[in-house]
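Here are the chains, one letter per residue:
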Amino acid sequence: MFKWLHPYAKTQAAYSLSQRLTPWFAGICVLLLVPGTLWGLLFTPADYQQGDSFRIIYIHVPAAMLSMSTYVAMAVAALVGIVWQWRTAFMAMIAMAPVGAVMTFIALFTGAAWGKPMWGAWWVWDARLTSELILLFLYCGVIALYSAFDDKQQAGKAAGIMALVGVVNIPVIHFSVQWWNTLHQGATITKFDKPSIATEMLWPLLMNIAGMMMFIAALTCMRLNNEILRREQHRPWVSALLHDRRENQNAV
Amino acid sequence: MQNVSCSKRDRILFENLSLQISTGQLIHLRGPNGAGKTSLLRIIAGLSQAEQGQVLWNSRALDTTYFKELVYLGHKSGLTASLSALENLQYWAHLHQAPCSEALLYDLLTRLGLVGLEDLPVKFLSAGQQRRVALARLWLKPARLWILDEPFTALDTAGIALVEQHINQFIDGGGAVILTSHQPLTSSAKLQYFDLEYRL
Amino acid sequence: MSQLIKGVLQRDLAIAFNQKGELAQPLLFLLIVVTLFPIAVGPAPETLQRIGPGVIWVAAILTALLGMERLFKQDYLDGSLEQLLLSGVPVFQIVALKSVVHWLVCFLPLLILSPLLALFLHLSMPMYLALFLSLLLGTPLLSLVGAIAMGLTVGVQKGALLPLLLMVPVFIPLLIFATSAVESAALHLSYAPQLAIIGAMLLCALALAPFATAYALKVSQH
């Protein structure tokens, strides 16, 4: 009797789960990101070498770290989708892609802005910068491939393969770029040394990393919800949901 | 085949279809344009996956034994334009592990009214002649199930008669056929209809 | 089985040689690109020697993407791909064979042409040797990995540049190791490590890429 429900259960379950999680992610994100950023930008002591310009670290480092982990998360979602044939996994993957791409862009942009006073140039072909740039290309490839298909189910699978090919390639890229960098440039760049960071500088950084993580999670959930609704707009449960919402609004 | 559903571009074409084909059966799949006939045939052939439900052959999921017993002819002819009819069929026979001695192929092409055109690149043949070359596969491979999507397009009356006769022979010999066609079939009592509706 | 391999190779090579004009186009493109560089940066032998390996490799990658269009596109359009997928033959085998044909048609002439290119760009003998070896190991990798991109985009009508966007991140490590091999050769250093890494990448691709491509082709049929 419930067999006809079975097909809708998955997307619907995913929808209600991410619907329930969104406010939590968003709330924790605000709780961490706002004090973390204020603390970092206003109240931590200035760096003895870099002065105030080091404060961009509170945006740059979380963005750079999470741009990579978002890509890995995407690849995991793609693998789940391909192995178990979950439609929702592909939807989650594609929900993450633009978020990760923007994170990558933020990391590159803040990196450039930081590089200007530190290294005297907007762009240096440093190993980390280069691999971050290639990461941006990978994100763009996945998004472009997804949008090239009219049939979004097909698009999800194709983009999933692309994400997997990319994730196999990431260590190779990282390694090769490092090699290339040392070969071509030598260690002329003063790299920012992290180990001896003062605790009052470290805390806001950790808060921002966690906050940014929540930020990405919240955005992903919201995008996933939209994606599910858009893809399933002709299904009964979506029309029922929308109908309920309208009723509620009228009641208010 | 059980409870098959399919949607294209997130539009539902059909849901929970069930259909059984057994030996000696000819099923004529009918429906207006856009009803999902081709999608259904492609699902049965194993080219695309159903969103739900599954296609079974001898109560087993589709595997290589199924493909060995299947001939599928779609809208697209599957012929390489720059190769000759002979080369095309030879390649196809190699792929499908069907017998393909040259004498056999010449004989077959003669029977299909393609004398003297065997070595011409397929792109120089007319649409009807190309369709004949594509249909030659029905004579080549010893199969048990044929899935034919609009097999009579572009064929002349003689060609249609030839193919229909071959279909009837195949069915009498214990084969099963499922086909779509917008023209009525004139053939045997074993003919069954299966109608698809257009859904919004 | 060997019958099948022969059949597939025969057919794909026949298709390639039926369109001789198309066959020569990528090579001409390569020659033109390599000729344009000395004109653009000046004829000084030291400069050319410095940029030579990079130019040849970039040109080879672009050529690969140019010639790759015909790998599956035509088969997809005329329906041969459907028949292939329904033949019951493991698709990855056919994909691997098609990659071999692509290499024979697209890159073998390039290898044969490479002495001329090296001459144009004033490469020294050890540099040329390193370049040749890196091309020998690296170009099959281009064929294998490029096939994935082509399989993914075969069902897409628009977007001729999409494969380029997909594959450039994958080609970057290859480019890095190949050019650094030539550079090491120029300094009379050993370039075996770079070649070994390219070889390892090739083996990985050989093991994985045909499966990815086969899956991509199946997806294209939905």
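Just above sits the structure.
In this text the structure is predicted, and so the values were computed from the model without any measurement. (Residues numbered from 1 in each chain as written. Chains lettered and ligands numbered in written order. Predicted model: local features only at pLDDT ≥ 70, side-chain atom pairs only at ≥ 80, totals over all residues. Heavy atoms only, no water.)

Residue and element names in this part refer to chain A. Where nonpolar side chains cluster on the molecular surface, the patch consists of V30, V34, L38, W39, L41, L42, F43, W203 and L206 and spans about 920 Å² of accessible area. Looking at the nonpolar patch, the elements with two or more residues in it are α1 (6-43) and α6 (199-231). Ranked by the residues each element gives to the nonpolar patch, the list is headed by α1, at seven residues. Considering the arrangement of structural elements, one finds V30 in helix α1. (Patch = residues over 30% accessible without salt bridge, like charges linked within 9 Å, V, L, I, M, F, W, Y side chains within 5 Å. Areas by Shrake-Rupley, 256 points an atom, 1.4 Å probe, with all protein chains shown as cover. Salt bridge = Lys/Arg side-chain N within 4 Å of Asp/Glu carboxyl O. Helix = DSSP H or I, 4+ residues; strand = E, 2+ residues; numbered from the N terminus.)

Now for the interface of chain A and chain C. Every contact between the two is made by 28 residues of chain A and, on the other side, 26 residues of chain C. With both chains or domains summed, chain A and chain C bury close to 2500 Å², and 78% of this area falls on carbon and sulfur atoms. For the chain A face of the interface with chain C, the top three residues by lost area are Q154(A), I161(A) and W179(A), together amounting to 21%. Viewed at the interface, chain C and chain A are joined by zero salt bridges. Joining chain A to chain C, the criterion identifies three residue pairs in polar contact (both at pLDDT 80 or more). Those elements that place two or more of their residues in the side of chain A that touches chain C are α4 (127-148) and α5 (152-184) of chain A. Counting residues per element, the side of chain A that touches chain C draws most heavily on α5(A), which supplies 16 residues. Looking at side-chain class alone, the side of chain A that touches chain C contains 20 nonpolar, six polar and two charged residues. (Contact = heavy atoms within 4.5 Å. Buried area = accessible area lost by both parts, 1.4 Å probe. Polar contact = N/O pair within 3.5 Å; in protein donor to acceptor, adjacent residues only side chain to side chain. Nonpolar A, V, L, I, M, F, W, Y, C, P; charged D, E, K, R; others polar.)

Here the focus is the interface of chain C and chain B. Taken residue by residue, the interface counts 26 residues in chain C and 27 residues in chain B. With both sides pooled, the region where chain C packs onto chain B buries about 2400 Å², and carbon together with sulfur makes up 56% of that total. It is Q83(C), L86(C) and H222(C) that lose the most area in chain C upon contact with chain B, and together they represent 29% of the buried surface on that side. Here chain C is connected to chain B by one salt bridge. Of the charged contacts, one joins E82(C) and R42(B) as a salt bridge, the two residues approaching to 2.9 Å between their closest N and O atoms. At the boundary of chain C and chain B, one finds eight residue pairs in polar contact (both at pLDDT 80 or more). Contributions of two or more residues to the side of chain C that touches chain B are made by α1 (2-18), α4 (73-78) and α5 (80-85) of chain C.

In short, the description is geometric, and any link to function would need to be established separately.
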